[in-house]
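Residues per chain are reported as follows:
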Amino acid sequence: MPIIDSHAHIFPPDFGPAPAGCDPGGWPSTEPNPAVDGGKFLINGQMRFPAKAVWFDAERRLEASAASGLDAEVLSPFPALLNYRAPADVGRELCRVTNEYIAGLVAAFPTRFYGLGTLPLQDPDMAAAELTEVVKTGLAGVEIASNINGKSLHEPEFDGFWAEADRLGAAVFVHGMPVPSDRLPGAAVATFGVGAEATLGAAAIITGGVAEKYPGLRISFSHAGGGFPLVLTRAQWFWGRTWNEEPAAPESMRPEARPWFAEHSPIELARRFYYDSLVFDRRAIRYLADMLGTDRLLVGSDFPAMTREEPIAKTLRSMGLSDAELQDILWHNCFRFLGAEPPKLSSFSEFPVTSASAYLSDFEDDVPQPWTAPGPVAQRPPRLLLTLLGDYWWQRTEPLPSAVIVALLAEFGVSDSAARAALSRLTRNGLLVTSRAGRRTFVRLSPRAADVLDDGARRIFSFGGSAAPWDGQWSLVAFSIPEDHRAVRDELRKALRWLGFAPLYDGMWVAPRDHASDVMARLKELGISTATAFRASAVPSGGEASEIPARAWDLAGLRKRYEEFIAFASLLRDQTEAGEITPMDALVARTRVMDEWRAFPAMDPDLPDELLPPAWPRAAARELFIACYDLLGPLAARRVRQIIDRYSPELACRAAYHSTALTVSAAEG
């Protein structure tokens, strides 16, 4: 099941200079922390916070998410940036810097990251006006503290903000924020202090009139609202003078409860909103599920301020919840809170799982117009970089200036910082080799990366060609891997997907080709002994062989993807043949065509003709892919040569393109 973390924090790597009129000492800044690899200090007033790179580096963040088994995160500002003490105009500038950074990450990785901004609520009218701008940037809403400089969230001065959030449909994440007090020892502020303040924030909204006045609000509370769910039953008693959520007593029987009178009960109002389940104990989660409902709970981690449970949602998965309940908590509820459609997921890798680029697997994206726009390929700079080197620097060993790489990626709208992060990531993964000459840095593909690209190219270009006749035999894999070995199980499933298998049942996967020996080798690599692979002429499905494909593979969805590809690629081919595509557009479009086509080998099991529905569109799609890719080659390579020429004229002439037959041709012009 996919998982999204609704409660994860981030801050910009650079806040820029203090705005005019602001004391520089009152403006956040960062500086390197030599004690931590890639780390920084966040300096904010008297705070000097040591932060690892995952606090501000998108690539490190994605790696950490993948290691945790996460599919997506909701990024919200580091709570220390909810600074309501600053003058309002300075606070607005700080909010804009933070919001723009998070919005940039959402735009670059739209199915990995969802974002919440922040507002200068020390000036509620300014904050209400700014909320419109936040929503325009693509953020789903805002994070606010459970109090605004000690003021309760139900105070009338905040009505304008709540009304605007209701009108815009903006999500509001209320984060517990302790206020200065000598009631608790310092060490308890992060435990009981945060919990107590989260309780008061939730109570103010739900029993202070906000929820009643603005019924369309979408709100979530950090740390399950602290102790609020437990004292909610006390509030219910004061409202209705009954136990166990029984019907309220007549008003004449509860005159002393007048301050609590409202059309809806506290529990009913509380069930309108969402609560992250970061309460550290299955007994507490059971209470939340019983009191609020599993359709109100979210996964939250407070990462990276706190370490995530390993594996993520381990406790939730151990509680005997139904699949529907678990899917709601892990995935669907968060998107309901955000007011967003969940993305379609793909667990498929573009290269074999055993290769160095297994991390390239990603979400499927809807295909936007036009094909001369980068589309999803620009959202994954490391994969884009490898694609470009594979297409125009194939089998060459000369290093290119890193500035060339940055400029190439800029053609796809990738920022300089994201391009250099991609270079760094691929170098760490052993796919690029860097060298220096004076002040200039040069990069080249490592032998391992070259092998990966060669293998991938041969598979991609051969896919959809003449199909071997089917011998009537199926490959089957049966396995039983416990939940505490989830990472190994996920690796096996990825490997099976790559080989063309699909789940017939949860622990029984099937493919129509002879892959038994490949699977046995992979099982050995993963150290899995509770699995077996074998060949059979019949499958334990309770039906005819011809019925198996429709049960195991989404052939209707796959046909739709092929038809979309055919429609767009037909237009691109016609435009190219008519001379309407410029070299710049050709580079983007050719890379886009490659990116779209190479998803099909992982989605399409290459079923024999005997098992396919009539008029299967694979052959037509392949023909158009070959036509577009080969027609665009000379124009695209010309653009690559122009870019290289800016930084290294002696290397520009060596850029070339290869056809789908893997024959290399020199670039023109």
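Each remark here, short or long, concerns the structure printed above.
No experiment lies behind these values; they were computed from the predicted model shown. (Residues numbered from 1 in each chain as written. Predicted model: local features only at pLDDT ≥ 70, side-chain atom pairs only at ≥ 80, totals over all residues. Heavy atoms only, no water.)

Asks: I'd like to hear about the side chain of Thr294, residue by residue, with values.
Replies: Among the secondary structure elements, Thr294 is positioned in the loop between helix 9 (282-292) and strand 11 (297-298). Residue classification places Thr294 among the buried positions, given a relative accessible area of 14%. (Helix = DSSP H or I, 4+ residues; strand = E, 2+ residues; numbered from the N terminus. Buried < 20%, exposed > 50% of the residue type's maximum accessible area, 1.4 Å probe, protein only.)

Asks: Can you explain the packing of helix 3 (residues 124-136) against helix 4 (residues 159-168)? Please cite residues and give values.
Replies: One can describe the packing of helix 3 onto helix 4 by two numbers: an axis separation of 8 Å at closest approach and a directional angle of 25°. Relative to helix 4, helix 3 is oriented roughly parallel. Regarding helix 3 and helix 4, the two cross each other, and that crossing is right-handed. Listed contacts from helix 4 to Ala128, Leu131, Thr132 and Val135 of helix 3 are Gly160, Phe161, Glu164, Ala165, Arg167 and Leu168. (Axes fitted to C-alpha atoms, helices over the stretch in contact; angles between N-to-C directions. Parallel < 35°, antiparallel > 145°, perpendicular 65-115°, else oblique. Left-handed = near helix turned anticlockwise from the far one by under 90°. Contact = heavy atoms within 4.5 Å.)

Asks: Let's hear about the sheet that holds strand 4 (residues 47-51): which residues, and what values?
Replies: With antiparallel pairing, three strands are arranged side by side in an open sheet as 2-3-4. Two strands close off the open sheet at either side, each with one partner strand: strand 2 (29-32) and strand 4. Within the sheet, the average angular offset between the axes of one strand and its neighbour, ignoring direction, is 25°. Direction of pairing for strand 3 (residues 40-44) relative to strand 4: antiparallel, over a ladder of five bridges. Its bridge partner lying in strand 4, Asn44 is registered against Met47. (Pairing = 2+ DSSP bridges.)

Asks: Could you give me a rundown of the environment of Arg444, with the residues and numbers involved?
Replies: Within the secondary structure, Arg444 is located in strand 14 (residues 440-445). The class for Arg444 is partly exposed, based on a relative accessible area of 32%. For the pair Arg444 and Arg396, spaced 48 residues apart in sequence, the C-alpha to C-alpha distance is 8.6 Å.

Asks: Summarise the nonpolar core; cite the residues concerned and give the values.
Replies: Counting 80 residues, the largest nonpolar core has Leu385, Phe412, Leu587, Trp597 and Ile644 as the members making the most contacts within it. If you tally residues by element for this core, the top one is helix 22 (residues 618-647), at twelve residues. Counting residues in hydrophobic clusters, the runner-up holds 79 residues, among them Tyr101, Leu119, Ile206 and Ala313. (Core = buried A, V, L, I, M, F, W, Y, C linked by side-chain atoms within 4.5 Å.)

Asks: Go over the sheet that holds strand 18 (residues 531-536), please, and point to the residues and values.
Replies: An order of 16-17-15-18 is seen for the four strands of this open sheet, with the pairing classed as antiparallel. The open sheet has two edge strands, strand 16 (502-505) and strand 18, and neither has a second partner. Within this sheet the neighbouring strands show an average axis-to-axis angle of 30°, counted without direction. Note: strand 15 (residues 474-479) against strand 18, six bridges, orientation antiparallel. Each bridged residue has a counterpart across the sheet, and for Val477 the counterpart in strand 18 is Ala533. Sitting on the sheet, helix 17 (residues 516-526) touches strand 15 and strand 18, and the angle it makes with strand 18 is about 175°.

Keep in mind these numbers describe shape, not what the thing actually does.
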